[in-house]
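Residue-level structural notes
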Amino acid sequence: MRLHVIGLGGAGVRVADRLAADHDDDPFLAGVNAFDTDMDALGALDALGEDRRYRFGDAAGGDGLGGDLHAGRRLGDAHASELGREMDDQRPSLAEAFLIVVGLGGAAGAGAAPALAEELSRLYDAPVYALGFLPTPSETEEPDGDEGPPSAAAGNAAAGSAASGNGTEPRTPHRPLAERNAARTLDALSDRCAAVFPFDNAAWLRPGETLGGARDRLNGVAAERIAALFGAGETPEGTSTPQQVLDASDVARAVGGDGEIAAIGHATQAVESSEGGSRFGLGLFGSSEPAEVDTSAAVSAIETVIRKAARGKNTVEVPDGRADRTLLVVGGPPQWLNREAIADGRRWLAGEAGSDAILSGDAPVPGGDAVSAVVVRSGVDEPERLREIRETIR
Ligand SMILES: Nc1nc2c(ncn2[C@@H]2O[C@H](COP(=O)(O)OP(=O)(O)OP(=O)(O)O)[C@@H](O)[C@H]2O)c(=O)[nH]1
């Protein structure tokens, strides 16, 4: 589907940049914009040229907003239509969906996101989704004396470069209001977006890692999952049409349109490339014809990858695996896409999620060397981290 991604604030612009770096040539990525009040954050991007970066909000004087969500909201209200116009070069009217990416604990991105979501819904018919990073608990904790209290305004630089007390991991800026900002922004986005995909930063940190040190890896995971979901069903030019193409309306139906909380699971499993030969001895050496694949190997690969996508780490926890709606997309070399195994996987997932409405599609990747699965669950029960965050404003 044609997706237009808008990265807002420090986290958002970095993910937008990462998507452009990894997927600019992929047909699903129809447009990318990076909007921030902070000149330094925009200046540090690599893949997006000047034409796709834009500093807004003169009132911020070229800096971040230091976590002042009220100031962010005011700027958002004042500049939403200007940001909408800034997207025009990339023909947003052709987009089949918009995705706003934002760090929920900040101010510039989190403040502007609701107003921009509203503006895009006013201008276009396509659904507006949001992917929002949840702050880590350590951001709101008082910093240790020897680390000193890095301010949120200095955060974009500090998150990337300053060393922490142990001298190895870049420290994470102290943001005392991060959880409250996130709670307010989640509510505002749920009211204005078709669905919200929270990304739980803390759940993705490895032991001893700080957000500052891990953010590039986390942004890579977020970009990969965005591509796995919104790029599913897009076939590279010249390849055969998938048996079951997943389109924008399938995703819209599966994810819902009422601001539901949704999670993206994804997994890949390496398989022997079946172009011109196979380890099962069924292919002709040197032949350009794809070799046949052993059925039990295909069944096992599909079963494993679907379970890994559902039960492995999701973008946010899915309590008990339950969801109102579920979408499954299985991809890989066509010879490996065993229809019965996919149907079994669908049934297993329906039981796991407790919902019948399982939409599924195939994403054939001729010549690929892995099978993959994307599992999207929408209308999930409230994840523990979301409950903690919401409680800060109850
Ligand atoms: N995954 C990830 N999370 C980030 C990154 N940068 C910041 N965050 C998270 O996003 C929240 C907001 O940070 P920013 O996006 O830098 O904030 P901003 O929107 O620029 O707002 P201000 O700095 O307050 O003006 C932080 O509290 C972190 O939880 C990043 O690069 N990757």
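These numbers come from a predicted model, not from an experiment.

1. Considerations on the packing of helix α4 (residues 108–123) against helix α7 (residues 178–192)
Where α4 contacts α7, the two axes come as close as 9 Å, and the packing angle between them is 0 degrees. When the interaxial angle is binned, α4 and α7 end up roughly parallel. Contacts from Ala110, Ala113, Pro114, Ala117, Glu118 and Ser121 in α4 reach Asn181, Thr185, Ala188, Leu189 and Arg192 in α7. Split into classes, the residues belonging to the contact of α4 with α7 amount to six nonpolar, three polar and two charged.

2. Quick look at the UniProt feature "binding site: GTP" (unreviewed entry) in the protein
According to UniProt, the positions carrying the feature "binding site: GTP" (unreviewed entry) are Glu139, Asn201 and Asn219. Within the secondary structure, glutamate 139 sits in helix α5 (residues 137–140). Aside from chain neighbours lying at most four places away, what touches glutamate 139 is Gly105, Thr172, His174, Arg175 and Ala178. Here asparagine 201 is to be found in helix α8 (residues 201–204). Residues contacting asparagine 201, with those up to four places away along its chain left out, are Phe133, Leu134, Pro135, Thr136, Leu211 and Leu218.

3. Examining the UniProt feature "domain: Tubulin/FtsZ GTPase" (unreviewed entry) in the protein
Here the UniProt feature "domain: Tubulin/FtsZ GTPase" (unreviewed entry) sits at residues 4–140. Helix makes up 42% of residues 4–140 and strand 22%. Its end C-alpha atoms lie 32 Å apart.

4. Some thoughts on the site of the ligand
Contacts to the ligand come from 30 residues, most closely from Gly9, Gly10, Gly103, Gly105 and Gly106. Counting only elements with at least two residues in the shell around the ligand, the list comes to α1 (9–23), α4, α6 (155–161) and α9 (211–230). Top element by residues in the shell around the ligand is α1. It accounts for four residues. Taken together, the residues that form the shell around the ligand break down as eleven nonpolar, 13 polar and six charged.

5. Digging into the confidence of the model for the protein
Scored by pLDDT, the protein has a mean of 88; 85% of the residues are at 70 or more. This model gives residues 146–167 a pLDDT under 50, and the stretch forms 54 contacts once residues within four places in sequence are excluded. The model gives residues 276–287 a pLDDT under 50, and that stretch makes 20 contacts with residues more than four places away or in other chains.

6. Concerning helix α10 (residues 248–255)
Every buried residue of α10 is listed here: Val251, Ala254 and Val255. Taken end-on, α10 shows its buried residues confined to a sector of 90 degrees, consistent with a single buried face. Looking at the buried residues of α10, the elements they touch are β6 (195–200), β7 (260–270), β8 (323–332), β9 (358–364) and β10 (370–380). Glycine 256 sits one or two residues past α10 and shows a positive phi near 95 degrees.

Rules of the game
Residues numbered from 1 in each chain as written. Predicted model: local features only at pLDDT ≥ 70, side-chain atom pairs only at ≥ 80, totals over all residues. Axes fitted to C-alpha atoms, helices over the stretch in contact; angles between N-to-C directions. Helix = DSSP H or I, 4+ residues; strand = E, 2+ residues; numbered from the N terminus. Parallel < 35°, antiparallel > 145°, perpendicular 65-115°, else oblique. Contact = placed C-beta atoms within 7 Å. Nonpolar A, V, L, I, M, F, W, Y, C, P; charged D, E, K, R; others polar. UniProt positions renumbered as here; feature names shortened; annotations may be inferred. Near = placed C-beta within 6 Å. pLDDT = per-residue confidence, 0-100. Buried ≥ 20, exposed ≤ 12 C-beta atoms within 10 Å, placed from the backbone. Arc of directions from axis to C-beta.

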